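Spelled out from the first residue to the last, the chains are:
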Amino acid sequence: MSTIKMIVGIFFLFLYNGNCEDVYAEQTSTKIRVVNNSEFYFTGVSLFSMNFDNLKPGDSSSYKLLKYDPLKDDSLIYCIAEGYNYGRYLKLPDKEFGNYTYQIDSVKSKILYVSLHSD
């Protein structure tokens, strides 16, 4: 009988230290992605000091867990298109968890226009 209790205990210990924390983090965290709705091809895309893939017109990045420390990270988007470095301050998502999309809407007069959408 004690062997069964030990096996059950090890199982729950593994479950608690493994997948449970990951599932909890997934449900109580903020994820962000970038969508390029402009006509420009962007390289070196970075949001909140997190690197994202290059984005062709119409492309969307995958969601990433937002890891933002206001003392260390920039609340900016950085990207490069046609030899110009673009940057813009971003609004942080209002809620502590959920999925959010930062949409690059356009570039006009060398100014990057970005909107935030809750998914």
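Structural data are supplied above this passage.
**Q** Just to check I follow, could you spell out the sheet that holds strand S4 (residues 64-65) for this structure?
**A** Think of a sheet as strands paired side by side through backbone hydrogen bonds, with each pair either parallel or antiparallel. Spatially, 4 strands are ordered S4-S1-S7-S8 in an open sheet, and the strand pairing comes out mixed. At either end of the open sheet lies a strand with only one pairing partner, and these are S4 and strand S8 (111-118). Here strand S7 (residues 98-108) runs beside S8; their pairing, made up of 8 bridges, is antiparallel. Its bridge partner being in S8, Val107 is matched across the sheet by Leu112.

**Q** Where do I start with the sheet that holds strand S2 (residues 43-47) in this structure?
**A** Here we have 4 strands laid out as an open sheet, ordered S3-S2-S5-S6, and antiparallel in their pairing. Two strands close off the open sheet at either side, each with one partner strand: strand S3 (50-51) and strand S6 (84-89). Direction of pairing for S2 relative to strand S5 (residues 76-81): antiparallel, over a ladder of 3 bridges. For Ser46, the partnering residue across the bridge sits in S5 and is Tyr78.

Criteria and cut-off values
- Residues numbered from 1 in each chain as written.
- Predicted model: local features only at pLDDT ≥ 70, side-chain atom pairs only at ≥ 80, totals over all residues.
- Heavy atoms only, no water.
- Pairing = 2+ DSSP bridges.
- Helix = DSSP H or I, 4+ residues; strand = E, 2+ residues; numbered from the N terminus.

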